[in-house]
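Here are the chains, one letter per residue:
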Amino acid sequence: MMASIPMEHGLIVAAVLFALGLVGVLVRRNLIFVLMCIEIMLNAAGLAFVVAGARWHQADGQVMFLFILAMAAAEVSVGLALAFQFFRHFKSLDTDAARSMRG
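Thresholds applied
Residues numbered from 1 in each chain as written. Predicted model: local features only at pLDDT ≥ 70, side-chain atom pairs only at ≥ 80, totals over all residues. Heavy atoms only, no water. Patch = residues over 30% accessible without salt bridge, like charges linked within 9 Å, V, L, I, M, F, W, Y side chains within 5 Å. Areas by Shrake-Rupley, 256 points an atom, 1.4 Å probe, with all protein chains shown as cover. Salt bridge = Lys/Arg side-chain N within 4 Å of Asp/Glu carboxyl O. Helix = DSSP H or I, 4+ residues; strand = E, 2+ residues; numbered from the N terminus. Buried < 20%, exposed > 50% of the residue type's maximum accessible area, 1.4 Å probe, protein only. Axes fitted to C-alpha atoms, helices over the stretch in contact; angles between N-to-C directions. Parallel < 35°, antiparallel > 145°, perpendicular 65-115°, else oblique. Left-handed = near helix turned anticlockwise from the far one by under 90°. Contact = heavy atoms within 4.5 Å. Nonpolar A, V, L, I, M, F, W, Y, C, P; charged D, E, K, R; others polar.

Participant: Help me understand a nonpolar patch on the surface, please; the structure alone is not making it clear to me.
Facilitator: A cluster of nonpolar side chains, contributed by Ile12, Val13, Val16, Leu17, Leu20 and Ile40, occupies part of the molecular surface with about 500 Å² of accessible area. Per-element tally for the nonpolar patch: the top contributor is helix H1 (residues 7-27), with five residues. Residue position: Ile40 is located in helix H2 (residues 31-55). Ile40 gets classed as partly exposed once you look at its relative accessible area, which sits at 34%.

Written as structure tokens, this is what we have:
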């Protein structure tokens, strides 16, 4: 029989990862780092689903994690396309450069 970690420990790790991603989104100015921090936040949410699914012996957590991975893949493709256009227009990936845009 496999030894399992307590649900609280898994959720604490997920919360710490989510908090690190959130801090990175709020603090970083480079667009690539912001996108990576969003990925960390999505993985933290997926980890919480997997831990909860393992606790109740349901496969729902793994299924939700697959949906999160699919959404993250779509987000990466759109985010990188935006980053290329952003760099082409502003010659920088600094998010402060976007302040010069006028609606």
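Additional details are given in the paragraphs that follow.
Participant: Hey, could you run me through the packing of H1 against H2 in this one?
Facilitator: When two helices pack together, their arrangement is captured by the angle between the axes and the distance separating the axes. The N-to-C vectors of H1 and H2 enclose an angle of 165 degrees; their axes lie 8 Å apart at closest approach. As far as their axial angle goes, H2 and H1 are roughly antiparallel. For the pair H1 and H2, the crossing hand works out as left-handed. Every residue of H2 that contacts H1 at Met7, Gly10, Leu11, Val13, Ala14, Leu17, Phe18, Gly21, Leu22, Gly24 and Val25 is listed here: Val34, Cys37, Ile38, Ile40, Met41, Ala44, Leu47, Ala48, Val51, Ala52 and Arg55. Counted by class, the contact of H1 with H2 contains 18 nonpolar, three polar and one charged residues.

So, to be careful, I would describe these as geometric facts and stop short of saying anything about function.
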